[in-house]
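Observations on chain architecture
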Amino acid sequence: MEEMPRRIDPSSDRATAALLLGCPPGQVGSCPRCQGLTRRYGPRARVLCAACRAADRADAGNRGG
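Residues numbered from 1 in each chain as written. Predicted model: local features only at pLDDT ≥ 70, side-chain atom pairs only at ≥ 80, totals over all residues. Heavy atoms only, no water.

As for the environment of Ala55
The line we're drawing: Strands are runs of DSSP state E lasting at least 2 residues, helices are runs of H or I lasting at least 4, and numbering of each runs from the N terminus.
Along the chain, Ala55 falls in helix H2 (residues 50-63). With 50 residues separating them in the primary sequence, Ala55 and Pro5 have C-alpha atoms 9.1 Å apart.

With respect to the pattern of salt bridges
As a reminder, the rule being used: Here, a salt bridge means any Lys or Arg side-chain nitrogen found within 4 Å of an Asp or Glu carboxyl oxygen. Burial classes follow relative accessibility: with a 1.4 Å probe on protein chains only, a residue under 20% of its type's maximum area counts as buried, one over 50% as exposed, and anything between as partly exposed.
Counting across every chain of the model gives two salt bridges. A salt bridge links Asp9 to Arg7; the shortest N-O distance between them is 3.8 Å. In this structure Arg7 comes out as partly exposed when scored by relative accessible area, which is 40%. The shortest N-O distance in the salt bridge between Asp56 and Arg33 comes to 2.7 Å.

Here it is in C-alpha coordinates:
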(Lines give C-alpha, C1' and ligand atoms only; values in the text may rest on other atoms or scores of the structure.)
Protein backbone atom coordinates (compact mmCIF):
# COMPACT_ATOMS: atom_id res chain seq x y z
CA MET A 1 0.00 0.00 0.00
CA GLU A 2 1.33 3.44 -0.97
CA GLU A 3 1.85 6.12 1.62
CA MET A 4 -0.51 9.07 1.25
CA PRO A 5 1.15 12.37 0.29
CA ARG A 6 1.41 14.76 3.18
CA ARG A 7 -0.27 18.14 3.30
CA ILE A 8 2.09 21.14 3.42
CA ASP A 9 0.88 23.33 6.28
CA PRO A 10 -0.19 26.81 5.15
CA SER A 11 1.99 28.38 7.85
CA SER A 12 5.07 26.87 6.17
CA ASP A 13 7.57 29.20 4.56
CA ARG A 14 6.78 29.58 0.83
CA ALA A 15 10.43 29.08 -0.14
CA THR A 16 10.56 25.78 1.75
CA ALA A 17 7.25 24.68 0.24
CA ALA A 18 8.57 25.57 -3.21
CA LEU A 19 11.61 23.34 -2.64
CA LEU A 20 9.34 20.45 -1.63
CA LEU A 21 7.10 21.04 -4.64
CA GLY A 22 9.93 21.59 -7.12
CA CYS A 23 8.81 25.02 -8.29
CA PRO A 24 9.58 28.71 -7.76
CA PRO A 25 7.99 30.35 -4.66
CA GLY A 26 5.80 32.49 -6.92
CA GLN A 27 3.96 29.37 -8.11
CA VAL A 28 2.99 28.25 -4.59
CA GLY A 29 -0.61 28.82 -3.53
CA SER A 30 -3.33 27.38 -1.31
CA CYS A 31 -5.39 24.28 -2.00
CA PRO A 32 -9.05 25.40 -1.96
CA ARG A 33 -10.11 22.23 -0.15
CA CYS A 34 -7.66 21.97 2.77
CA GLN A 35 -5.76 25.27 2.52
CA GLY A 36 -2.47 23.35 2.36
CA LEU A 37 0.23 24.67 0.03
CA THR A 38 0.46 23.35 -3.51
CA ARG A 39 1.92 24.24 -6.90
CA ARG A 40 -1.05 26.41 -7.77
CA TYR A 41 0.29 28.60 -10.60
CA GLY A 42 2.46 28.23 -13.69
CA PRO A 43 3.31 25.16 -15.76
CA ARG A 44 2.11 21.83 -14.32
CA ALA A 45 -0.03 23.70 -11.79
CA ARG A 46 -2.62 21.78 -9.78
CA VAL A 47 -5.56 23.39 -8.04
CA LEU A 48 -5.79 20.63 -5.41
CA CYS A 49 -2.77 19.59 -3.36
CA ALA A 50 -1.29 16.11 -3.65
CA ALA A 51 -2.91 15.01 -0.36
CA CYS A 52 -6.41 15.97 -1.54
CA ARG A 53 -5.87 14.37 -4.97
CA ALA A 54 -4.71 11.15 -3.29
CA ALA A 55 -7.75 11.18 -1.00
CA ASP A 56 -10.01 11.57 -4.05
CA ARG A 57 -8.32 8.59 -5.75
CA ALA A 58 -8.68 6.50 -2.59
CA ASP A 59 -12.37 7.40 -2.32
CA ALA A 60 -12.94 6.54 -5.97
CA GLY A 61 -11.19 3.19 -5.49
CA ASN A 62 -13.34 2.40 -2.47
CA ARG A 63 -16.47 3.13 -4.48
CA GLY A 64 -15.30 0.87 -7.28
CA GLY A 65 -15.00 3.56 -9.89
